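Take a look at the letters that make up each chain.
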Amino acid sequence: MMKDRPTTPKEFFDYAKSHDSEMVDLKFVDLLGTWQHCSFPIDTWDEGTFKDGVGFDGSSIRGWKGIHMSDMLAVPDATTTCIDPFFDAPTVSVIADIIDPITREDYPRDPRHVARKAEQYMVSTGLADTCHIGPEPEFFIFDEVRYEQNQHTGMYKIDSVEGAWNTARFEEPNLGYKPSFKGGYFPVSPTDTYHNLRGEMVYEMRKLGIVVEAHHHEVATAGQSEIDMQFCPLRQMGDQFMWFKYIIRNVARQHGKTVTFMPKPIFDDNGSGMHSHLSLWKDGKPLFAGDQYAGLSELALHAIGGLLRHAPAILAFAAPTTNSYRRLVPGFEAPVNLVYSARNRSAGIRIPMYSDNPKAKRLEFRCPDPTANGYLAWSAMLMAALDGIQNGIHPGDPLDRDIYEMTSEDLAKFAHTPASLEEAIDVLEKDHAFLTTGGVFTPDLIEAWIVWKRENELDPLRLRPHPFEFSLYYDS
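Residues numbered from 1 in each chain as written. Predicted model: local features only at pLDDT ≥ 70, side-chain atom pairs only at ≥ 80, totals over all residues. Heavy atoms only, no water.

Stated formally: UniProt positions are given in the numbering used here, feature names are shortened, and annotations may be inferred rather than shown by experiment.
By the naming in an unreviewed UniProt entry, the protein chain goes by Glutamate--ammonia ligase and is assigned to marine sediment metagenome. Under the UniProt heading Subcellular location (unreviewed entry), the entry covering the protein chain gives this text: "Cytoplasm". Quoted verbatim from the Sequence similarities (unreviewed entry) heading of the UniProt record, the comment on the protein chain is "Belongs to the glutamine synthetase family."

Next comes the structure, spelled out in structure tokens:
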């Protein structure tokens, strides 16, 4: 992040004064991964606020405990200080950790707390002192979205000036240049109409100290895009991912556009994933480089073994929506096969081979998508990797064949991603001991996650007729 970022409460107030800021915006993340915020006149704070926190009602925060335990404290972290780019008046922004006001202990359902515990547990094992995460979030930029769900209506409609379905739309004039279905990868302007918009998103990220490696149009039609952040430590990347979504949505809105991170908003075209690169380091040295397969170390192979063994449970956090499993289906380059391979993008774990520099050696878990709460998803990945290393879990032989040329009989020999969120949640319910090791994920958090997903997503969806069912069955 920015080199002049404050690290102490005193520096926070100096920073605010230097930017003529009279307000502070306090942000924190709910269980599912959405930012909440509240703003305060900065003269109502003092250095003690960074120890004592500010009180708020947590009973309405998704996934948290109910009204009987509603009082919470949000304790600002001065190291996250920056200027919010979207408020008219200069406003200092700071991310908070959540504290129980009675016990003064970290709230176990605070995702940022989970990420901190995951990093602390990693250090306590002596295996590594840094987990670097490098995500590749994809998203769609639409011109309009309409949806409705009630007792007698169930519909959605999206539109995009780039949509392949709009080649005949009356646009006064229609100039063409619509990326075709599956034809949107890397076209130049004028087919890529969103270069400048993505560039503005990147510039805003860079102002906050986020290092961006690249941005480009993605495979799907209708404005699918990708912006890649340079790897950094896990919890820091969790913070950056929250800013990433916030910036992209707000820049798009300023231009009359809307962004979705839904993995599969468009039928019969590529979905949006969030390939997540992971590597472990110790004393400034990379631990994944070695003389084994694809230039990996034995430690890295065992990390892959842990990830593959626990992948279905991880995906309850890393592909956490019912829509996630519209993407995780065979075809469309979907990484549904829980195998590992160098270069092969149809494998669940890929070993990038762009460079033989030991510092570039990493694994790429391709199953997550950007609806994930990064703090929880990447912490789960780290815990699975550590479990694999500690227990010497070998991943077996790599799969270097073209998976799309393999028969169903051949593929049946390999494990696959869950077919639904319900299946992933069921696996998590049985396979979570690797997450609770060291108290990183508490049983309470895992139970809260499972209950929320079942009661608020799976069961309500199960009760509602799907629009396609009318095409299938109306005149049966």
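**Observations regarding the overall build of the protein chain**
Note the cut-off: A run of H or I in DSSP counts as a helix once it spans at least four residues, and a run of E counts as a strand once it spans at least two, with each numbered from the N terminus. We take the radius of gyration over the C-alpha atoms and set the globule estimate at 2.2 Å times the residue count to the 0.38 power. Throughout this description, buried means an accessible area under 20% of the type-specific maximum (1.4 Å probe, protein chains only), exposed means over 50%, and partly exposed covers the range between. Whether two residues are in contact is decided by their heavy atoms: any pair within 4.5 Å suffices. Calculation of accessible area relied on Shrake-Rupley with a 1.4 Å probe; when residues are assessed, cover is drawn exclusively from the protein chains displayed.
Along the backbone of the protein chain there are 13 helices and 18 strands. A compact globule built from 476 residues should have a C-alpha radius of gyration of about 23 Å, and the protein chain, at 23 Å, falls within 12% of that. In terms of its C-alpha atoms, the protein chain occupies a principal-axis envelope of roughly 65 × 60 × 45 Å. Within the protein chain, buried positions represent 54% of all 476 residues. When contacts within the protein chain are restricted to residue pairs at least 6 apart in sequence, those whose partners lie at least 24 apart make up 69%. Summed over its atoms, the accessible surface of the protein chain is roughly 21700 Å², and 52% of this surface lies on carbon and sulfur atoms.

**What about the pattern of salt bridges?**
The condition that has to hold: What counts as a salt bridge is simple: a side-chain nitrogen of Lys or Arg found within 4 Å of a carboxyl oxygen of Asp or Glu.
With the rule as written, the count across this model stands at 26 salt bridges. A salt bridge links Arg 116 to Asp 97; its shortest N-O distance comes to 3.6 Å. Placement of Arg 116 in helix H3 (residues 111-125) and of Asp 97 in strand S6 (residues 91-99) is noted, with a sequence separation of 19 residues between them. For Asp 159, the salt bridge goes to Arg 169, with nearest N and O atoms at 2.8 Å. Of this pair, Asp 159 sits in strand S9 (residues 154-159) while Arg 169 sits in the loop between S9 and helix H4 (195-207), and the two are ten residues apart along the sequence. What makes Arg 169 partly exposed here is its relative accessible area of 30%.

**Focus on the domain arrangement of the protein chain**
What counts is decided by this rule: Domain ranges listed in this record stem from an automatic or a database domain assignment. Here the quantity called buried area is the total loss of accessible area, with a 1.4 Å probe, experienced by two parts when brought into contact, counted for both. Whenever two N or O atoms come within 3.5 Å, that pair is a polar contact, provided that in protein one can donate a hydrogen and the other can accept it, and provided that, for residues adjacent in sequence, both atoms are side-chain atoms. Here the term charged refers only to Asp, Glu, Lys and Arg, the term nonpolar to Ala, Val, Leu, Ile, Met, Phe, Trp, Tyr, Cys and Pro, and the term polar to all other amino acids, Gly among them.
Its domain assignment divides the protein chain into domain 1 (9-107) and domain 2 (130-474). For domain 1 versus domain 2, the separation of C-alpha centres amounts to 29 Å. Taken together, the two surfaces of domain 1 and domain 2 that pack against each other cover about 1700 Å², and 71% of this comes from carbon and sulfur. Where domain 1 meets domain 2, there are zero salt bridges. At the junction of domain 1 and domain 2, the tally comes to two residue pairs in polar contact (both at pLDDT 80 or more). If you list the elements that add at least two residues to the side of domain 1 that touches domain 2, you get strand S1 (23-29), strand S5 (82-83) and S6. When grouped by side-chain class, the residues that make up the side of domain 1 that touches domain 2 number ten nonpolar, five polar and six charged.

**Quick notes on unusual backbone geometry**
The peptide bond linking Glu 172 to Pro 173 adopts the cis configuration, its omega dihedral lying at 0 degrees. Checked against the element boundaries, Pro 173 lands in the loop between S9 and H4. Look at the link from Ser 189 to Pro 190: it is a cis peptide, with omega at 10 degrees. Following the sequence through the fold, Pro 190 ends up in the loop between S9 and H4. Positive phi values are uncommon outside glycine, yet Asp 268 reaches one of about 65 degrees. The residue Asp 268 is located in the loop between strand S13 (258-260) and strand S14 (274-282) in this model. Using a relative accessible area of 43% as the deciding quantity, one classes Asp 268 as partly exposed. Despite not being glycine, Asp 283 has its phi angle at roughly 55 degrees, a positive value. Within the secondary structure layout, Asp 283 lies in the loop between S14 and strand S15 (285-286).

**Notes on the layout of surface pockets**
For the record, the criterion: Residues are called lining when one of their atoms sits within 4 Å of a cavity or pocket point, these points coming from a 1 Å grid over the protein atoms alone, where a cavity is a set in which a 1.4 Å probe fits but cannot get out and a pocket is an open set with protein on both sides within 12 Å along at least five of seven lines. Grid points are joined across faces, edges and corners, and a volume is the space filled by probe spheres set on the points.
A volume near 840 Å³ is recorded for the second largest pocket. Lining the second largest pocket are 41 residues; nearest its centre among them are Glu 136, Glu 226, His 275, His 277 and Glu 364. Those elements that place two or more of their residues in the lining of the second largest pocket are strand S7 (130-142), strand S10 (212-217), strand S11 (224-229) and S14. Taken together, the residues that form the lining of the second largest pocket break down as 14 nonpolar, eleven polar and 16 charged.

**Side note on the nonpolar core**
Note the threshold: Put simply, buried Ala, Val, Leu, Ile, Met, Phe, Trp, Tyr and Cys residues joined by side-chain atoms within 4.5 Å make one nonpolar core.
In this structure, Leu 280 and Phe 441 are the most contacted members of the largest nonpolar core, which totals 122 residues. If you tally residues by element for this core, the top one is helix H6 (residues 298-318), at 13 residues. Counting the residues that make up this core, at least three belong to each of domain 1 (9-107) and domain 2 (130-474). Residues in contact with Phe 441, not counting those within four places in the same chain, are Val 114, Phe 317, Leu 376, Ser 379, Ala 380, Leu 435, Thr 436 and Ile 446.

**Points about the packing of H6 against helix H8 (residues 374-390)**
The following threshold applies: To get an axis, a line is fitted to the C-alpha atoms, and for a helix only the part in contact is used. The angle between two axes follows their N-to-C directions and goes from 0 to 180 degrees. In these notes the angle categories are as follows: under 35 degrees is roughly parallel, over 145 is roughly antiparallel, 65 to 115 is roughly perpendicular, and the rest is oblique. Left-handed describes a crossing whose near helix is turned anticlockwise from the far helix through less than a right angle; right-handed describes the clockwise counterpart.
It is the contact of H6 with H8, at a shortest axis distance of 6 Å, that shows an interaxial angle of 140 degrees. Regarding the angle of H6 to H8, the classification is oblique. H8 is crossed by H6, and the crossing has right-handed handedness. Across from Leu 299, His 302, Ala 303, Gly 306, Leu 307, His 310, Ile 314, Phe 317 and Ala 318 in H6, the residues of H8 making contact are Leu 376, Ala 377, Ala 380, Met 381, Ala 384, Ala 385, Asp 387, Gly 388 and Ile 389. Classifying every residue of the contact of H6 with H8 by side-chain character gives 13 nonpolar, four polar and one charged.

**What to know about the pairing of strand S8 (residues 144-149)**
Short version of the rule: Two strands form a pair only when DSSP identifies at least two bridges running between them.
Two strands pair when backbone bridges link them, and S8 and S9 are joined in this way by six bridges, in the antiparallel orientation. Opposite Glu 148, over in S9, you have Met 155 as the bridge partner. In textbook terms, the turn of a hairpin is the stretch between consecutive antiparallel strands, and for S8 and S9 this stretch comprises four residues.

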